[in-house]
Amino acid sequence: MTPPATRRTWAVAATSALALALGGLAVVTTTPAQAATVGAGSYTTDRVGPLPTGCGDMTTNPRQFATADAPPGPVPTNDWWSSLLWKRTNCSYSEPLHAHPVSYQPFGDGLGLSATSTPTISGTATGVGEFKYTYTEDIRVGIAALGAPVVKVDGWTDWTVTPYWNDGARTMRATIGHGLPFAYFRTSGGDALINATGGSPTVWSNSGATIGFTVRGHDYVAYAPTGATWSVNGGRITSNLAGRGYFSVALLPTTPGTDAATRAGLAGTYGQYAHAHVTGTRVSYAYDQATSTVNTTYAFTTTAREGTANRTVVSLYPHQWRSLTGATPLTLTYPSARGRMKVLTGVDAFRTSMKFHGVLPEVPAVATGNGTDLTTLRNHLAAVRGNPMDQRGGDTYWTGKGLGRAARIAEIADQVGDAETRTAALNAIRSTLTDWLTAAPGETERLFHYDRNWGTLIGYPASYGSDQELNDHHFHYGYYIAAAATLAKFDPTWARQDQYGGMIDLLIRDANNYDRADNRFPYLRDFDIYAGHDWAAGHGSFHAGNNQESSSEGMNFANALIQWGQATGNTAVRDAGIFIYTTQAAAIHEYWFDVTDENYPAAFGHSTVGMVWGDGGAYATWFSADPEMIQGINMLPVTGGHLYLGYHPASNRANYQELVRNNGGEPTVWQDILWQFLALGDPDAALAKLRANPGYTPEEGESRAHTFHWIRNLAALGTVHTGITANHPLASVFQRNGARTYVASNITAAPLTVTFSDGTRLDVPAGKTATSGAYAWSGGTATGGVTGTTPPTTTPPTTAPPTTAPPTTPPPSPGFPTRYLLPGGGLGAAGGPATATVASAGGVNRDGTPTNPQVFTATGLNLTYAGGQTTFDLFLDAGTAVGNGVQVRVSYDLTGNGSWERVETYRYFATDPVPGYERYTQQSGLHSATGTLGNLSNGTVRVEVWSAIGNNPTTVGIGDRSLVKLPHS
């Protein structure tokens, strides 16, 4: 529910309208803040601004709609059932609760059940539109004559809730939950009553304690205790429950036929578990770093009301059944607002296994680390040096956006050795965070207040309902935590728990408390454990249920936990972030982007949604009808923690094409965000668009420096390669034209060796991001120095990795792949310093055609092809000459028979008119390539270097400088 600057006008108008509706906004009297210290930081315990509001006195008593038996501690918010506990629009009952496969709504006389199977679609395929599985009641389950004035909450677990009715003579408790086709009831004071409110029921089975019936095409079965019977009188179905006070009602799955035998068989299968009432649900997760796997267990506790059954029936969302392990879902399914839910019967738990594909502090500067691209980037960085945050507002959200912008600038400035800009950005982050994380006496702004009643930490000035509705805390605070993680790498003292780390931990716990033993905040407040994603609205009081638009800002929070946990050595925080990140990435691909094209109704007409609701999805936002913002709100902010947006490159391309179609042309706002998203699917196209539109207006949380860095480097790296993982959380793999680049970031003070799942080993020096494979690069330091671009040591895949890495500069032999360009035209071991002259192109374009080249050759090579592509590092100096461009071709004669099986010609490198060496590497990209690589058996490799353009010669440093590394071992 959060977003951009254009939302501010909308928010003010909406707030004014609400104030009029409520008879005016309450005036808050502020008093000098009483600070509670946390290390060097502090928060206030005094009220300094608006607090959560609702029916009755919710501000001081959020438990007024909870019974005495409800769990102690802070109440959950931001859940699928929040409107039941936090009543704002329906002060007696709640809004519909979309649990899936059933939706529910409590009323004074019972619990309504809806199994809408046909969505309602509105809007157009090119404009704002939505699909909804709207709550449309089939039946209402209660007790004869029940008339409770209010429905309270008697209990909750990780994904269930128990509403409670009491009218003085009768009581009823109903347990409902995500994925449960059963609703479980316990009653006193009267007969169980099922009212067919959706039309006359068709009873197809009534035998003893079990009755099966159909309403509006949906099959239900009610199970009473043994010895009880059901009576039917028109639309009323009743039972005295044999005086035992419990029963259950199940929605049967979509059946392959409508014959009585099929229904009876399903009723019998479900009946085995009808009296094993689910009374608890609990998630547990584990991150296996060695295999980069997140293993999650969804467990059910049952209470046998009769018999000995201790298992149940559950239905799984698509993100769950696609990653299910150790069990096979039945072919039976339920329709839902999230797509097909698949059924498991007779389980007390199920487990999923998902691969975590890693995150990065930032993509590496393989292209922007040298040459003209470095010059361009340095100019962009210099332009923002004086105002790295560019803050557009003073509230929690806009301060967060500014912190996010500064963090990106600090990361990329460090990579390219711009210490001045990096320092300016870090100073802005440090001063801003320190201010917000300290509550001085008498201060009422730029601070956090802990409200013990609600168990929440609210920042003031608040925004977008983050105070009165507890909206968006994960959105806002994610920026603070991510910026703190960047600062922690360079200033670890600031991040210590006895300094400001303790306050950052409170922000984490407020939005998604990872510690069940901590009773200051609810467990995983904003993250819906079973649905697999966050909810933005604190109260959820909408007929459509809860909602969230900016899934990418939710992922910014998850990534922030990973980065902060890694930077501070807190594995509990890191692993919680990895669990949320990995699970939510799968959910986002299913429900926001529908990458499988299976979950949205066919008639919806869109390939993406801006908002997910409890009952469906909408191509819309809270603040704009522009396609750029509808689609872009789930793409920002763009960081190294958002590589999940590139797991399905074809989906990125289709998403952008839909944007252009719906917009009637290329985007006119948020171009940078949209191009950066496109770069994860088609980086060449994104780079072309960026270069063709230099006058674009940056999005409020972006900078030209970061946009150029992101797109230009992805154009060199290619797209995210999800087939390979690493045993380190800050690592990823990219692939372009079949050539892979392995990337890992080491933010510690000690060297690190990262092993990838294909056996590749990458040695990463302390404080650096390093790469190998197609691009060998190392740069950036967490301790302040400029480290240059020395390639790190890499061990290619082997069946038995060596115990020690090979030396960086090996001795020459026919069996070693790293070769230096030598005087006399050889390729071998490093020699003494020397130079060679590359002749001028004579003003003629020689692009792709070697002309008067310098040629360097190695023969008699016996090497095994290890995968990947050639890498090289040539030192060039054109002096003060303008307009020169040097090109290289590498050719392979695999058997030494005179035929070239593989020829690689790289794009030329435009040198600058400044004396001094520049680095020309394979990151310039392939101009053309023919043939395939393979093993070298008495083979020959030839390197040709010539001038593709220009009127002047160029010097190439050889002997101990320029080298080529063959993709062999």
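Quick caveat: nothing in here was measured; it's all calculated off a predicted structure.

With that settled, the discussion passes to the overall build of the protein chain. Regarding its fold elements, the protein chain presents 16 helices and 54 strands. For 969 residues, the compact-globule estimate of 2.2 N^0.38 gives 30 Å, and the protein chain sits close to it at 31 Å. With respect to the principal axes defined by its C-alpha atoms, the protein chain has extents near 100 × 70 × 55 Å. Burial analysis of the protein chain (969 residues in total) assigns 62% to the buried set.

Our focus in this paragraph is the environment of Val343. Summarising the element assignment, Val343 is placed in strand β25 (residues 341-347). Along the sequence, Val343 and Pro329 sit 14 residues apart, while their C-alpha atoms lie 5.6 Å from each other. Those residues in contact with Val343 that sit more than four places away from it in its chain are Pro253, Tyr270, Val313, Val314, Ser315, Pro329, Leu330, Leu332, Thr333 and Tyr334.

Glancing now at the sheet that holds strand β10 (residues 160-166). Spatial strand order, β9-β10-β11-β12-β19-β16-β15-β14: eight strands in an open sheet with antiparallel pairing. For this open sheet the edge positions go to β9 (152-156) and β14 (202-207), each flanked by a neighbour on one side alone. Averaged over neighbouring strand pairs, the angle between their axes works out to 20° when direction is ignored. Bridge analysis of strand β12 (residues 182-188) against strand β19 (residues 246-251) gives five bridges, and the strand direction is antiparallel.

In this model helix α16 (residues 704-717) runs 20 Å from its N-terminal to its C-terminal C-alpha over 14 residues, within 8% of the 20 Å that 1.5 Å per residue would give. Burial runs high along α16: 13 of the 14 residues are buried. Phi turns positive one or two residues past the end of α16, at Gly718, with a value near 95°.

Here we take up the sheet that holds β25. Strand order across the open sheet formed by three strands is β22-β25-β24, with antiparallel pairing between neighbours. Where the open sheet ends on each side, the last strands, each with one partner, are β22 (312-316) and β24 (333-334). Where β24 lies against β25, two bridges are found, and the strand directions are antiparallel. For Thr333, the partnering residue across the bridge sits in β25 and is Lys342.

Our next topic: the pattern of salt bridges. Taken as a whole, this structure holds 41 salt bridges when the rule is applied. Of the charged contacts in the structure, one is a salt bridge between Glu469 and Arg88, with a shortest N-O distance of 3.3 Å. Here Arg88 lies in the loop between α2 (82-85) and β3 (97-98) and Glu469 lies in the loop between β28 (456-460) and α8 (473-490), a separation of 381 residues in the sequence. The partly exposed category is assigned to Arg88, whose relative accessible area is 23%. Measuring nitrogen to oxygen at the nearest pair gives 2.5 Å for the salt bridge that ties Lys401 to Glu699. With Lys401 in helix α6 (residues 396-415) and Glu699 in the loop between α15 (683-692) and α16, this pair connects stretches of sequence that are 298 residues apart.

Attention now goes to the packing of aromatic side chains. In the structure shown here, the tally under the stated rule is 48 aromatic pairs. Both rings, one in Phe131 and one in Phe604, keep their centres 5.0 Å apart while their planes meet at 75°; by these two values the pair is edge-to-face. With Phe131 in strand β7 (residues 129-132) and Phe604 in the loop between α11 (571-591) and β32 (611-613), this residue pair connects regions lying 473 residues apart in the sequence. Each member of the pair Phe131 and Phe604 is classed as buried. An angle of 90° between the planes, with centres 5.9 Å apart, marks the rings of Phe356 and Tyr581 as edge-to-face. A residue pair is termed long-range when its members are at least 10 positions apart, and Phe356 in the loop between β26 (349-355) and α5 (371-384) and Tyr581 in helix α11 qualify at 225 residues. Overall, Phe356 belongs to the buried group, its relative accessible area being 2%. Directly above the ring of Trp321 sits Lys342, whose terminal nitrogen or CZ lies 3.9 Å from the centroid.

Below, the discussion takes up the confidence of the model for the protein chain. Scored by pLDDT, the protein chain has a mean of 91; 92% of the residues are at 70 or more. Confidence over residues 1-33 falls short of pLDDT 50; this stretch has 68 contacts with residues more than four positions distant or in other chains. Low pLDDT, under 50, characterises residues 780-815; the predicted model gives this stretch 78 contacts beyond four residues in sequence or across chains.

This next bit is on the nonpolar core. Ranked by internal contacts, the top residues of the largest apolar core, which has 226 residues, are Val249, Ile481 and Trp564. No other element matches the 11 residues that α8 contributes to this core. Setting aside residues up to four positions removed in sequence, Ile481 forms contacts with Ile504, Leu507, Ile508, Phe557, Ala560, Leu561 and Trp564. One finds Leu821, Tyr920, Leu936 and Val945 within the second-largest nonpolar core, a separate group that totals 30 residues.

As a further point, take the state of the cysteines. This structure, assessed with the given rule, holds one disulfide. Each sulfur of the disulfide joining Cys55 and Cys91 lies 2.0 Å from the other. Judged by the torsion about the S-S bond (-75°), the Cys55/Cys91 disulfide is left-handed. With Cys55 in the loop between β2 (41-44) and α2 and Cys91 in the loop between α2 and β3, this pair connects stretches of sequence that are 36 residues apart.

Moving on: the packing of α6 against helix α7 (residues 419-436). Contact geometry of α6 with α7 gives a least axis separation of 8 Å together with a crossing angle of 150°. In terms of their interaxial angle, α6 and α7 are classed as roughly antiparallel. Between α6 and α7 lies a crossing whose hand is left-handed. Between α6 and α7, the residues in contact are Thr396, Thr399, Leu403, Ala406, Ala407, Ile409, Ala410, Ala413 and Asp414 and Thr421, Arg422, Ala425, Leu426, Ile429, Thr432, Leu433 and Trp436, respectively. Grouping the amino acids of the contact of α6 with α7 by side-chain chemistry returns 11 nonpolar, four polar and two charged.

Once that is clear, we can look at the side chain of Thr725. Turning to its location among the elements, Thr725 is positioned in the loop between β34 (719-720) and β35 (731-736). The contacts of Thr725, once residues within four sequence positions are left out, are Thr291, Ser292, Lys355, Phe356, His357, Thr755, Phe756 and Ser757.

What follows concerns the environment of Ala99. Summarising the element assignment, Ala99 is placed in the loop between β3 and β4 (103-107). Spatially, the C-alpha atoms of Ala99 and Gly179 are 6.9 Å apart, while their sequence positions differ by 80 residues. Apart from residues lying up to four places away in sequence, Ala99 is in contact with Trp80, Tyr104, Gly177, His178, Gly179 and Tyr317.

Moving on to unusual backbone geometry. The linkage connecting His100 with the following residue, Pro101, adopts the cis geometry, with an omega of 10°. Note that Pro101 resides in the loop between β3 and β4. A cis amide bond links Leu636 to the next residue, Pro637, at an omega of -5°. With respect to the helices and strands, the residue Pro637 is situated in the loop between α12 (627-632) and α13 (649-663). We note that Leu241 has phi near 60°; this positive angle belongs to a residue other than glycine.

Turning our attention to α6. Here α6 contains 20 residues, and its C-alpha end-to-end distance of 29 Å stays within 8% of the 28 Å for a straight helix at 1.5 Å per residue. Within α6, 20 of the 20 residues are buried, which leaves it mostly tucked inside the rest of the structure. One side-chain oxygen at the N-terminal end of α6 lies 3.0 Å from the backbone nitrogen of Tyr397; it belongs to Asp395.

Turning our attention to the pairing of strand β27 (residues 447-451). Regular strands show a simple pattern: their side chains alternate between the two faces of the sheet. Burial within β27 is extensive, with five of its five residues counted as buried. Here β27 shows a buried face lined by Leu447, His449 and Asp451 and a second buried face lined by Phe448 and Tyr450. As paired elements, β27 and β28 share five bridges and run antiparallel to each other. For Tyr450, the partnering residue across the bridge sits in β28 and is Leu457.

A word on the packing of helix α10 (residues 551-568) against α11. Where α10 contacts α11, the axes come no closer than 7 Å and their chain directions differ by 155°. For the element pair α10 / α11, the angle class is roughly antiparallel. Crossing angle aside, the handedness with which α10 passes α11 is left-handed. Two secondary-structure elements touch here, α10 through Ser551, Gly554, Met555, Ala558, Asn559, Leu561, Ile562, Trp564, Gly565 and Gln566 and α11 through Val573, Arg574, Ala576, Gly577, Ile578, Ile580, Tyr581, Gln584, Ala585 and Ile588. For the contact of α10 with α11, a count of residues per class yields 12 nonpolar, seven polar and one charged.

Burial along strand β42 (residues 818-821) is two-sided: Thr818 and Tyr820 facing one way and Arg819 and Leu821 facing the other are all buried. One ladder, built from three bridges, connects β42 with strand β54 (residues 963-965); its direction is antiparallel. If you follow Arg819 over to β54, its bridge partner there is Val964. Here two bridges tie β42 to strand β43 (residues 827-828), and the two strands are oriented antiparallel to one another. When the bridges of β43 are listed, Tyr820 appears paired with Gly828. Taken together, β42 and the strand that follows it, β43, pair antiparallel across an intervening segment of five residues, in which Gly824 is found at a positive phi of about 85°.

What counts as what
- Residues numbered from 1 in each chain as written.
- Predicted model: local features only at pLDDT ≥ 70, side-chain atom pairs only at ≥ 80, totals over all residues.
- Heavy atoms only, no water.
- Helix = DSSP H or I, 4+ residues; strand = E, 2+ residues; numbered from the N terminus.
- Rg over C-alpha atoms; globule rule 2.2 N^0.38 Å.
- Buried < 20%, exposed > 50% of the residue type's maximum accessible area, 1.4 Å probe, protein only.
- Contact = heavy atoms within 4.5 Å.
- Pairing = 2+ DSSP bridges.
- Axes fitted to C-alpha atoms, helices over the stretch in contact; angles between N-to-C directions.
- Expected span 1.5 Å × (residues − 1).
- Salt bridge = Lys/Arg side-chain N within 4 Å of Asp/Glu carboxyl O.
- Phe/Tyr/Trp six-rings, centres within 6.5 Å; stacked < 30°, edge-to-face > 60°.
- Lys NZ or Arg CZ within 6 Å of the ring centre and 35° of its normal.
- pLDDT = per-residue confidence, 0-100.
- Core = buried A, V, L, I, M, F, W, Y, C linked by side-chain atoms within 4.5 Å.
- Disulfide = S-S within 2.5 Å.
- Parallel < 35°, antiparallel > 145°, perpendicular 65-115°, else oblique.
- Left-handed = near helix turned anticlockwise from the far one by under 90°.
- Nonpolar A, V, L, I, M, F, W, Y, C, P; charged D, E, K, R; others polar.
- Polar contact = N/O pair within 3.5 Å; in protein donor to acceptor, adjacent residues only side chain to side chain.

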